[in-house]
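What follows is the residue order along each chain.
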Amino acid sequence: MATDLTDRTVLAVVSNYGVEQDELVVPLEHLRDSGAVVTVAAATSDDVATLVGDKDPGRTVTPDVTLDDVDPAGFDLLLVPGGTLNADTLRRQPAATEIVRSFTRSGRPVAAICHGPWLLVEAGVVPGKTATSYPSLETDLRNAGASWKDAPVIVDPAEGWTLITSRTPDDLDDFLDAVDAALAER
């Protein structure tokens, strides 16, 4: 049975090119079908071109707002999809790193999948946390002060805020179950 997420709000942050299609589209559809209001914030107001497997063109998503114009205070959970190009571009956006810090300072949950944790490393919020990710980020997360484990999903409430991480699109069911649980608690 689907979790009723009516009145819950989610902010998804992305770049305009290179987001892994299923790591954005599947959570968007799942959360919206469960009643949540999901806002997509991108670097610019141009359409978001997703990719499948970091190389093949995927679906296009129209952002609702830009990273610079969104007020993160009005959201219950932050969603950070992966995609190598997306995550690498996103972590160089000062507005994106400040959005992450806003969530963590206020104790709200952050959910990042695949390469998405690169943004959290850049924001400096992973010391003391346990996380998973795409395997190539293990060293980056460890060097930033996190513990890394190879698991479908890790939920870590340490340090005053909940971090939900997953490895790849293959883990989306576990990832979304954890996201649903975090939103249901709010």
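As the structure is a computational prediction, the values presented were derived from the model and not from experiment.

Analysis parameters
Residues numbered from 1 in each chain as written. Predicted model: local features only at pLDDT ≥ 70, side-chain atom pairs only at ≥ 80, totals over all residues. Heavy atoms only, no water. Helix = DSSP H or I, 4+ residues; strand = E, 2+ residues; numbered from the N terminus. Buried < 20%, exposed > 50% of the residue type's maximum accessible area, 1.4 Å probe, protein only. Contact = heavy atoms within 4.5 Å. Lys, Arg positive; Asp, Glu negative; His and termini not counted. Charge placed at Lys NZ, Arg CZ, Asp CG, Glu CD. Pairing = 2+ DSSP bridges. Axes fitted to C-alpha atoms, helices over the stretch in contact; angles between N-to-C directions. Expected span 1.5 Å × (residues − 1). Salt bridge = Lys/Arg side-chain N within 4 Å of Asp/Glu carboxyl O.

Asker: When you look at the overall build of the protein chain in this model, what are you seeing that I'm missing?
Answerer: Looking only at helices and strands, one finds six helices and 12 strands in the protein chain. Here the C-alpha coordinates of the protein chain stretch approximately 35 × 35 × 30 Å along the principal axes. Considering the protein chain as a whole, with its 186 residues, one finds that 54% of them fall into the buried category. Taking contacts inside the protein chain between residues at least 6 apart in sequence as the whole, the part at least 24 apart equals 68%. Measuring between centres, the 14 positive side-chain charges of the protein chain sit 5 Å from its 31 negative side-chain charges.

Asker: Would you explain the sheet that holds strand β8 (residues 110–113) in this entry?
Answerer: Across a sheet, strands are paired by hydrogen bonds formed along the backbone, either parallel or antiparallel in direction. Ordered by their spatial adjacency, seven strands build an open sheet running β6-β3-β1-β7-β8-β12-β11, and the pairing between neighbours is mixed. Taken across any chain shown, the strands that pair with only one partner, and hence form the sheet edges, are β6 (65–66) and β11 (153–156). Sitting on the sheet, helix α6 (residues 172–185) is in contact with β1 (9–14), β7 (77–80), β8, β11 and β12 (163–166), with an inclination near 170° to β12.

Asker: In this structure, what is going on with the pairing of strand β3 (residues 37–42)? I would like to understand it.
Answerer: Burial runs high along β3: five of the six residues are buried. Direction of pairing for β1 relative to β3: parallel, over a ladder of six bridges. Paired with T9 across the strands is V37, a residue of β3. Bridge count between β3 and β6: two bridges; the pairing is parallel. Bridging across to β6, A42 finds its partner in T66.

Asker: Is there a simple way to explain helix α3 (residues 94–105) in this structure?
Answerer: Spacing of three or four residues puts side chains on the same side of an α-helix, whose turn is 3.6 residues. When the terminal C-alpha atoms of α3 are compared, their 16 Å separation across 12 residues agrees well with the 16 Å that a helix rising 1.5 Å per residue should span. Buried within α3 we find A95, A96, T97, I99, V100, S102, F103 and T104. The inward-facing, buried residues of α3 contact β1, β7, α2 (84–90), β8 and α4 (117–123). Positioned one or two residues after α3, G107 has a phi angle of 80°, which is positive.

Asker: Sorry, what's going on with the pattern of salt bridges here?
Answerer: Side chains carrying opposite charge are able to pair once their charged atoms draw close together. Within the structure shown, the criterion is met by nine salt bridges. Where E98 meets R105, a salt bridge forms, and the shortest distance between an N and an O atom there is 2.6 Å. On the basis of relative accessibility, which here comes to 35%, the residue E98 falls in the partly exposed class. By relative accessible area, R105 is classed as exposed at 59%. A salt bridge links D171 to R167; its shortest N-O distance comes to 2.9 Å. Across the pair, exposure class does not vary: D171 and R167 are buried alike. Overlapping salt bridges bring together E98, R101 and R105 as one network.

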